[in-house]
Amino acid sequence: MAYQVYFQTLGCKVNSYETAAIAKLLAEEGFEETRSCEDADVYVINTCAVTGEADRKSRQMIRRAKRLAPHAIVVAMGCHTQMCRDEEGADIVVGTDDRPALIPLLKEKMKLLDRADSTEDLDAGTRFFEYGSVNYQENTRAIVKIEDGCNNFCTYCIIPYSRGRVRSRSREAILSEIRDMAGKGYREFVITGIHLCSFEKELGRDSMALGELLEEVASIDGVERIRLGSLEPSCMTPELIGVLKGIPQICPHFHLSLQSGSDTVLKRMNRKYDTDLFRRVAADLRSAFPNVSLTTDMICGFPGETDAEHQESCAFAEEIGFTHIHVFPFSPREGTRAWDMEGKIDGAVKAERTAELRGISDKMESARAEEFPGKKAEVLLERRLEDGTWEGYCREYIRVIVSSDRELQAGSIVEVNIREVRGFSIAGTVASC
Ligand code: SF4
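Residues numbered from 1 in each chain as written. Predicted model: local features only at pLDDT ≥ 70, side-chain atom pairs only at ≥ 80, totals over all residues.

A. Seen up close, the overall build of the chain. Of regular secondary structure, the chain possesses 12 helices and 17 strands. Here the C-alpha atoms of the chain give a radius of gyration of 22 Å, agreeing with the 22 Å that 2.2 N^0.38 yields for 433 residues. If you line up the chain on its principal axes, its C-alpha atoms span 60 × 60 × 45 Å. Burial status across the chain gives 45% buried among its 433 residues. (Helix = DSSP H or I, 4+ residues; strand = E, 2+ residues; numbered from the N terminus. Rg over C-alpha atoms; globule rule 2.2 N^0.38 Å. Buried ≥ 20, exposed ≤ 12 C-beta atoms within 10 Å, placed from the backbone.)

B. How the structure looks around the site of the ligand. Taken together, the residues surrounding the ligand are Cys 150, Asn 152, Phe 153, Cys 154, Cys 157, Ile 159, Pro 160, Ile 194, His 195 and Glu 232. Across the shell around the ligand, the residue classes tally to seven nonpolar, two polar and one charged. (Near = placed C-beta within 6 Å. Nonpolar A, V, L, I, M, F, W, Y, C, P; charged D, E, K, R; others polar.)

C. Region of interest: the sheet that holds strand β11 (residues 293-300). Spatial strand order, β10-β11-β12: three strands in an open sheet with parallel pairing. Two strands lie at the open edges of the sheet, namely β10 (253-255) and β12 (324-329), each paired on one side alone. Across this sheet, the average inter-strand angle for adjacent strands is 15 degrees, counted without regard to direction. In this sheet, β12 lies alongside β11 in parallel orientation, the contact comprising six bridges. In the sheet register, Met 298 faces β12, and the bridge partner there is Val 327. Strands in contact with helix α12 (residues 347-370) are β11 and β12; relative to β12, the strand with the most contacts, it is inclined by about 170 degrees. (Pairing = 2+ DSSP bridges. Axes fitted to C-alpha atoms, helices over the stretch in contact; angles between N-to-C directions. Contact = placed C-beta atoms within 7 Å.)

D. Main features of unusual backbone geometry. Despite not being glycine, Gln 259 shows a phi value in the positive range, around 70 degrees. Topologically, Gln 259 is positioned in the loop between β10 and α9 (263-268). Phi at Asn 270 takes a positive value of approximately 60 degrees, unusual for a residue other than glycine. You can call Asn 270 partly exposed: it has 14 C-beta atoms within 10 Å.

E. The arrangement of the domain arrangement of the chain in detail. We note that the domain assignment places domain 1 (4-112), domain 2 (141-369) and domain 3 (376-430) within the chain. Placing the centre of domain 2 and that of domain 3 at their C-alpha centroids yields a distance of 26 Å. Each side of the interface is counted separately: domain 2 has 13 residues, and domain 3 has 11 residues. Take the side of domain 2 that touches domain 3: its biggest share by element is three residues, from α12. (Domains from an automatic or database assignment.)

F. Main features of the nonpolar core. Grouped together as the largest cluster of nonpolar side chains are 100 residues, with contacts concentrated most on Val 42, Tyr 43, Val 44, Val 74, Val 75 and Phe 189. Top element by residues in this core is helix α1 (residues 13-28). It accounts for seven residues. Core analysis: the next-biggest nonpolar cluster, separate from the first, contains 18 residues, Val 379, Trp 390, Val 402 and Val 414 among them. (Core = buried A, V, L, I, M, F, W, Y, C linked by C-beta atoms within 7 Å.)

G. Local environment of the pairing of strand β4 (residues 73-78). Counting buried positions along β4 gives six out of six residues, so the element sits mostly inside the fold. Judged by which residues are buried, β4 turns out to be covered on both faces: Ile 73, Val 75 and Met 77 on one side and Val 74, Ala 76 and Gly 78 on the other are all buried. One ladder, built from six bridges, connects strand β3 (residues 42-47) with β4; its direction is parallel. Paired with Thr 47 across the bridge in β4 is Gly 78. For the handedness criterion, the β-α-β arrangement of β3, helix α2 (residues 52-68) and β4 is classed as right-handed. Looking at chain direction, β4 and strand β5 (residues 92-93) are connected through two bridges and run parallel. In the sheet register, Val 75 faces β5, and the bridge partner there is Ile 92. (Right-handed = clockwise from strand over helix to strand, strands pointing away.)

H. Looking closely at the sheet that holds strand β6 (residues 141-148). Strand order in the open sheet formed by four strands is β7-β6-β8-β9, with mixed pairing between adjacent strands. For this open sheet the edge positions go to β7 (167-168) and β9 (225-228), each flanked by a neighbour on one side alone. Sheet topology places β6 next to β7; two bridges connect them, and they run antiparallel. When the sheet's bridge partners are listed, Glu 147 is paired in β7 with Ser 168. Taken strand by strand, helix α6 (residues 171-183) contacts β6 and β8 (188-193), and its axis lies near 175 degrees from that of β6.

I. Spatial organisation of α1. A rise of 1.5 Å per residue sets the reference length of α1, with its 16 residues, at 22 Å; its end C-alpha atoms lie 23 Å apart and thus fit the reference within 8%. Directly beyond the C-terminal end of α1, a positive phi value near 95 degrees is found at Gly 30. (Expected span 1.5 Å × (residues − 1).)

J. Highlighting the environment of Pro 70. When you line up the elements, Pro 70 lands in the loop between α2 and β4. Each C-alpha atom, one on Pro 70 and one on Arg 384, is 35 Å from the other, the two residues being 314 residues apart in sequence.

K. Quick peek at the confidence of the model for the chain. Counting all residues, the mean pLDDT for the chain is 89, and 92% of those residues have values of 70 or more. Note on residues 116-126: pLDDT under 50 across the span, and 16 contacts to partners over four residues away in sequence or across chains. (pLDDT = per-residue confidence, 0-100.)

In structure tokens:
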């Protein structure tokens, strides 16, 4: 019987991609993925270190793994373990720069435990760790990683230290993965990276390199939707937005990382833009994509954030009119410049500010959903719900509940007449052909 491997993933889309990639490498070695951690021979935790809170959760998951699956070999990998190698509870620890070592280490460990008889090495050591084509068995959306690392050194972020500097994946590898996935029936491709706009930066290219790559992606047969991961506003030049506008498959949904709507806080965060630039980018995207959804991340309670700065931030978020804001209370990460910055914000104040901004996000999200009844939306169907309706996302990345009197299939794209709003979702029926 094949060895069973159980995965737990924390953090961003890049981590989801890397978990799927490791799952594929392990499948090639004869491991089978299991949904139940008790059955696992190997328990992999792909950790995150983006905030102090993510670090805490990563540590907690590693410790819990040994309790939940006492006989499993516990593997801790990812950003958190890149910075912290002596994780209690893990049998094997790899970071982000030595992931190729995972399979040989695992085989060695299994051999020691008398669970396997092979210790052949894998070929490793490329500039960008190349996993080859990754399979997503259950999803209709494929995540494709094009770049790793970041050179920006925002004062709150550990990523440039944990993942290192920008390394781009080769265009051939990216396009070949997408061709392969499109051939398997995937219709939507989420292009992701740690700092997407830095694609080919190490080759001296600017953000137009991303635009050119997307044109190549769009020319592949079967690619019906392209969605972009998190983007930094400063690289969204009018030229790049012009290229995006010319690609019909680009979804009108952009996640522009704002972090704060106060210029003085942005400076302390060492972000490379101010609110004026962000406003220009939002306006250019709205004019290029008339029904665009803009989503973002924001941090509340960054060191030294005054009430006035917080209010500026809230007002700016409302002015932009986001479809959704992921709001995080600031949690300091050791090793970053913000760790020992003066002006720590009291926990209760942070919680209050976070709740206020989340309230603003909820209001904007409801208002956005209210724009849809009476209109049509193109929905990629993802899964059938218990009541027989379907769930999927429209191009603007709003969850849609779909009813139909004909048979529907996961992975197909249907046009839906939107009739009503349900919470932050919208609902409707498949338009007749
Ligand atoms: S841009 Fe800033 S927040 Fe994003 S990965 Fe780089 S350092 Fe971190």
